[in-house]
Structure formats: structure tokens, C-alpha cells
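Letter by letter, the chains look like this.
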Amino acid sequence: MPKLTTVFATSHRLWVAAMEEASRRGGKDGGLDHLLLALTIDEGTAGQVLRASGVTIDRTREAIAAQHRDQLGSLGLDVAPVADGPIALGDATGFDWTEQARGVLNRATAVGETGDSAAVLRALLNEPSGFVTAVLHRLDTAPEIIGELLAQAVALPAPTPTAPSDDPFHRSTTAFVPATTDATWALISDPRRLAEWDALTESVTPGAAGAWIATPQDGSAGDLGPQHFTVDADESRRVAHWTFWWPASKRRTNRRHVILTLEPAASGTSLRVDATWETASTRRRWWFPAARPFFRALLWFQVTRVATSVSAALRE
Amino acid sequence: MPVPSPFEQASDTSDPFAGLRAIASLRQLADTLELRQVEAALRAGLTWQNIADALGVSRQAVHKKYAKRIDSSIELPRRKSHA
């Protein structure tokens, strides 16, 4: 993957996860603590190394809270931490990185660095405040140990990447979900639980002929109207095939297929998301080649949003 | 051995690096609580000027800091006056 694409994809993934973690306490600043939490659920090498070292999201949340509590205690303040609430799905209003976190991300994308999640973790392990070191010590590890494991993991031959689909209306992504495969399957195979991972859906009601109707959040439907969908869940293969369409739409729409596939992974589940738009006609319009990058980017955002939302719904 | 008072503990400068990191935690906590209070104030119908007066800063400063950070569902005072 070209470096620019890697940097963009990594930044977006970490930004969403950090924002969700910050939202649990009503915060709008993504600091070093939120960046570390985002890396613990990263699908790439950084996340795998952290989880294999016992730096899981639940333990890290506790260690961060304890570190802040002790630091405040050193100032003579005995304050209970701000209570954690649910993750605010999709509310990105006003969120931004702190100067410290931005410094780490800048170092991860500097000349000679790869810009992927491993580079972000390398930069985070060397952050100068010592906060991350203190948190890792609470988790019975240290930056040097994680750094060594990361160097070994990065040196391993990379798996052969799957050839990208030729279909401009198909994109896929994988994500780590910090929950058991059973819990993840219970969420992604149940049509009534769509609102838990689709920020645009308010509620779900049964429709005709085995279909379901998703009532959109206020103002999110535009001229599309309610979204209808079916779910074909194959539990033995852990594959859930969702098909969406908009029968009341005032403009022409295509059916959208979202296929969610689960595989067990260390400390959680690996989720693959495939999204495809049906095309009504095989005839391509003259402007299609110019619009191709736009469609690819749009689909990339869609599959990424589904993957991060499922992960967020299962880590409250 | 007498237990140091909270003020003595807070004023301990024997390890300034750790002390500064503790201040960063305090600032993060204060920022989180301030945002909550500002959102609660706006929901209760207070104006940006009321909030600025309470915080002891200018209206422009508080508006610049929070206008784009508050919960998007909050009806802002300016929008209300146009309604």
C-alpha cells in the first residue's frame, strides 16, 4: 500500500477509536491515553503485539484510570475518576488530538517512518512525558519489551496481500473486535440490533416477507426514506449477509450488500466487512472513469464505518 | 510522623517532572468538567456571556473554545434568539 494511503487509513482508524474512547467520559480531546487505547484494538501489527503482551483494552483502561488517580493523588486530590458512559457513536463534533498526541502522530509519519500503526506505536513508546511508560509498568510490561516484540513482528515476512477487487463497487476491510466470537455473532446476525452499530438507524421494525424496516434518526434520511433490509445469517460459517434497499427513495438507488464474516482471534474476534453496490445496468457512463476514485473512497468509508461501529458497540 | 496536609502534598516540588505530569492530569480533568458545565449551562438557557462571566474570561474566548466542541444537539443561544 502506498505510504500516503497507509498514513490516511491509519490516521482515520485511530482517530475514530480515540474519539470513541474519549467520548466515554464526555471528553473532546484525544490524548496519549486515547491513542494507546486505540492501538490496543488495532487490527495491524501494533494491536497484535500489544494484545499478545497483555495490553488489552480493558486492562489498559483500568491502568490509565489508576495512573491519573495516582497523579492527582500526588497533588493531594482524592477525586473519583469521571464515570465512564457509553461510547457516543458517530458524534465527532469538536474532537481533536492534543498537542502531545499530534506530536506522536507526526513522528510516525516522518521521513523514514512507515506511517502505519506499528510506526505510531514506536513513536508512542518513546513519547517524552513518561505517561505511557508509567501505564505500561502498571500492566507488568515496559516500552523496551513492547518495542522489541514490535521489531520482531515487523521483521517477519508480510502476508501476501489479497489482490484488490476489480469491481469498482466493491470494497472490503478487516477489523479487530475486543469481544468473543459468540458475542460478536449475536450482534451482527440479529436484525433487531442494527441500531446498536448503525448510527443512522433509530429503531428496527418487522416488514413484509421476512424483511425489516430501519427507521432513520431524525434528519438523517434525506430523500431516501426508511431503509429496508434482510439478513441471511449462516451461523456455521459465521457469515451474515445484509441486503439494504430504499423503496420510498425519491431518487434512483442501488441495493447495497454488506457481508460480515467472523473468525476467532487472540483476545477477541477478527471481523471482515465486504460491501458491494448492485449496479442496475452494465452500461458504463462516459464520466465513470473519472468518478471511479470517488466511488472507491466512498465505499472505503462505508466498510470502515461498519467495522469501527461493530467494534465500538461491543466494547462499552 | 505527621501526615502532610493536602496543600503541603500539592506543593511538594521534590520531583518536578512527576509534579508536572500530575498537573497534566489535573488539566485534563478540569477541561472535561468545564466542558460538561458549559454544556449544562447552555442547556439551561444561559448565554455565552453568562458562562464567560462565571469563568472570568471574555465572551469571545469562551465562544471560540466551545462553540464547535459542545454536543451538536444543544440549541445555541444565538439560534434561539432568531427563532
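Thresholds applied
- Residues numbered from 1 in each chain as written.
- Chains lettered and ligands numbered in written order.
- Predicted model: local features only at pLDDT ≥ 70, side-chain atom pairs only at ≥ 80, totals over all residues.
- Helix = DSSP H or I, 4+ residues; strand = E, 2+ residues; numbered from the N terminus.
- Buried ≥ 20, exposed ≤ 12 C-beta atoms within 10 Å, placed from the backbone.
- Contact = placed C-beta atoms within 7 Å.
- Nonpolar A, V, L, I, M, F, W, Y, C, P; charged D, E, K, R; others polar.
- Pairing = 2+ DSSP bridges.
- Axes fitted to C-alpha atoms, helices over the stretch in contact; angles between N-to-C directions.
- Domains from an automatic or database assignment.
- pLDDT = per-residue confidence, 0-100.
- Core = buried A, V, L, I, M, F, W, Y, C linked by C-beta atoms within 7 Å.
- Parallel < 35°, antiparallel > 145°, perpendicular 65-115°, else oblique.
- Left-handed = near helix turned anticlockwise from the far one by under 90°.
- Expected span 1.5 Å × (residues − 1).
- Arc of directions from axis to C-beta.

1. Describing the overall build of chain A
Working step 1: The helix and strand tally for chain A stands at 11 helices and nine strands.
Working step 2: The 316 residues of chain A split such that 35% are buried.
Working step 3: For chain A, contacts bridging at least 24 residues in sequence account for 62% of all contacts bridging at least 6.

2. Side note on the environment of Ser189(A)
Residue and element names in this part refer to chain A.
Working step 1: Mapped onto the secondary structure, Ser189 falls in the loop between helix 9 (181–188) and helix 10 (194–197).
Working step 2: The exposure class assigned to Ser189 is buried, which follows from the 20 C-beta atoms found within 10 Å.
Working step 3: Not counting residues up to four positions away in its chain, the partners in contact with Ser189 are Val231, Ala233, Glu235 and Ala240.

3. Details of the interface of chain B and chain A
Working step 1: Taken together, the 20 residues of chain B in the interface contact 19 residues of chain A.
Working step 2: When residues of the side of chain B that touches chain A are traced back to their parent elements, those giving at least two are helix 1 (6–10) and helix 2 (16–43) of chain B.
Working step 3: Sorting elements by how many residues they give to the side of chain B that touches chain A places helix 2 of chain B first, with 11 residues.
Working step 4: Taken together, the residues that form the side of chain B that touches chain A break down as nine nonpolar, five polar and six charged.

4. What about unusual backbone geometry?
Residue and element names in this part refer to chain A.
Working step 1: With phi around 60°, Asp140 is a residue other than glycine that occupies positive phi space.
Working step 2: Along the chain, Asp140 turns up in the loop between helix 7 (131–138) and helix 8 (143–155).
Working step 3: Classification of Asp140 as exposed rests on a count of 12 C-beta atoms within 10 Å.
Working step 4: Non-glycine residue Arg238 carries a positive phi angle of around 55°.
Working step 5: Turning to its location among the elements, Arg238 is positioned in the loop between strand 6 (227–234) and strand 7 (239–245).

5. A few points about the sheet that holds strand 7 of chain A
All names here are of chain A.
Working step 1: In spatial order, the strands read 3-9-8-7-6-5-4; together these seven strands make up an open sheet with antiparallel pairing. Bordering the open sheet on either side are strand 3 (170–177) and strand 4 (201–206), each of which pairs with just one other strand. Averaged over all neighbouring strand pairs, the angle between strand axes comes to 25°, with direction disregarded.
Working step 2: Sheet topology places strand 6 next to strand 7; seven bridges connect them, and they run antiparallel.

6. Considerations on the domain arrangement of chain A
Residues and elements named next belong to chain A.
Working step 1: Split into domains, chain A comes out as domain 1 (3–155) and domain 2 (170–313).
Working step 2: Here domain 1 and domain 2 have C-alpha centroids that lie 28 Å from each other.
Working step 3: The interface of domain 1 with domain 2 comprises 15 residues on the first partner and 12 residues on the second.
Working step 4: Mapped by element, the contributors of at least two residues to the side of domain 1 that touches domain 2 are helix 1 (3–23) and helix 3 (45–52).
Working step 5: Here the side of domain 1 that touches domain 2 is composed, by residue class, of seven nonpolar, four polar and four charged.

7. Considerations on the pairing of strand 4 of chain A
All names here are of chain A.
Working step 1: As paired elements, strand 4 and strand 5 (residues 212–216) share five bridges and run antiparallel to each other. Note on strand 5: the bridge partner recorded for Val204 is Ala214.
Working step 2: Count of turn residues in the strand 4/strand 5 antiparallel hairpin: five residues, of which Ala209 carries a positive phi of about 55°.

8. A look at the confidence of the model for chain B
Residue and element names in this part refer to chain B.
Working step 1: Looking at chain B as a whole, the pLDDT averages 84, with 81% of positions reaching at least 70.
Working step 2: The spread of mean pLDDT over the elements of chain B runs between helix 5 (residues 77–82), the lowest at 50, and helix 3 (residues 48–55), the highest at 95.
Working step 3: pLDDT under 50 marks residues 79–83. Its contacts with residues more than four places away, or in other chains, come to one contact.
Working step 4: Both confidence scores are given for the complex: pTM 0.81, ipTM 0.76.

9. A look at the pairing of strand 6 of chain A
Residues and elements named next belong to chain A.
Working step 1: The pairing of strand 5 with strand 6 spans three bridges and is antiparallel. Within strand 6, the residue paired with Ala214 across the bridge is Gln227.
Working step 2: Counted along the chain from strand 6 to the antiparallel partner strand 7, the turn is four residues long, and its residue Arg238 has a positive phi close to 55°.

10. Quick notes on the nonpolar core
Working step 1: Membership of the largest hydrophobic core comes to 66 residues, with the highest contact counts inside it found for Ala18(A), Leu35(A), Leu39(A), Val120(A), Leu124(A) and Val310(A).
Working step 2: Both domain 1 (3–155) and domain 2 (170–313) of chain A contribute no fewer than three residues apiece to this core.
Working step 3: Other than its neighbours up to four places away in sequence, Ala18(A) contacts Gly30(A), His34(A), Leu35(A), Leu37(A) and Ala38(A).
Working step 4: In this structure, Val38(B), Leu42(B), Ile51(B) and Val62(B) belong to the second largest nonpolar core, which totals seven residues.

11. Considering the packing of helix 3 of chain A against helix 8 of chain A
Residues and elements named next belong to chain A.
Working step 1: It is at 10 Å that the axes of helix 3 and helix 8 come closest, and there the two elements cross at 135°. As far as their axial angle goes, helix 8 and helix 3 are oblique. In terms of crossing hand, the pair formed by helix 3 and helix 8 is right-handed. Judged by residue contacts, Thr45, Ala46, Gln48, Val49 and Leu50 of helix 3 engage Ile146, Leu149, Leu150, Ala153 and Val154 from helix 8.
Working step 2: Split by residue class, the contact of helix 3 with helix 8 holds eight nonpolar, two polar and no charged.

12. Some points on the environment of Gln217(A)
All names here are of chain A.
Working step 1: Relative to the assigned elements, Gln217 resides in the loop between strand 5 and strand 6.
Working step 2: Between the alpha carbons of Gln217 and Phe169 there is a distance of 26 Å; along the sequence they are 48 residues apart.
Working step 3: Excluding residues that lie within four positions of it along the chain, Gln217 makes contacts with Leu200, Thr201 and Glu202.

13. Brief notes about helix 4 (residues 57–73) of chain A
Working step 1: With 17 residues, helix 4 of chain A should reach 24 Å at 1.5 Å per residue; the first-to-last C-alpha distance of 24 Å fits that figure.
Working step 2: Taken together, the buried positions of helix 4 of chain A are occupied by Ile57(A), Thr60(A), Ala63(A), Ile64(A), His68(A), Gln71(A) and Leu72(A). Summarising the axial view, the buried residues of helix 4 of chain A lie within an arc of 165°, below the 170-degree limit, and thus occupy one face.
Working step 3: Taken together, the buried residues of helix 4 of chain A touch helix 2 (32–40) and helix 7 of chain A together with helix 2 of chain B.

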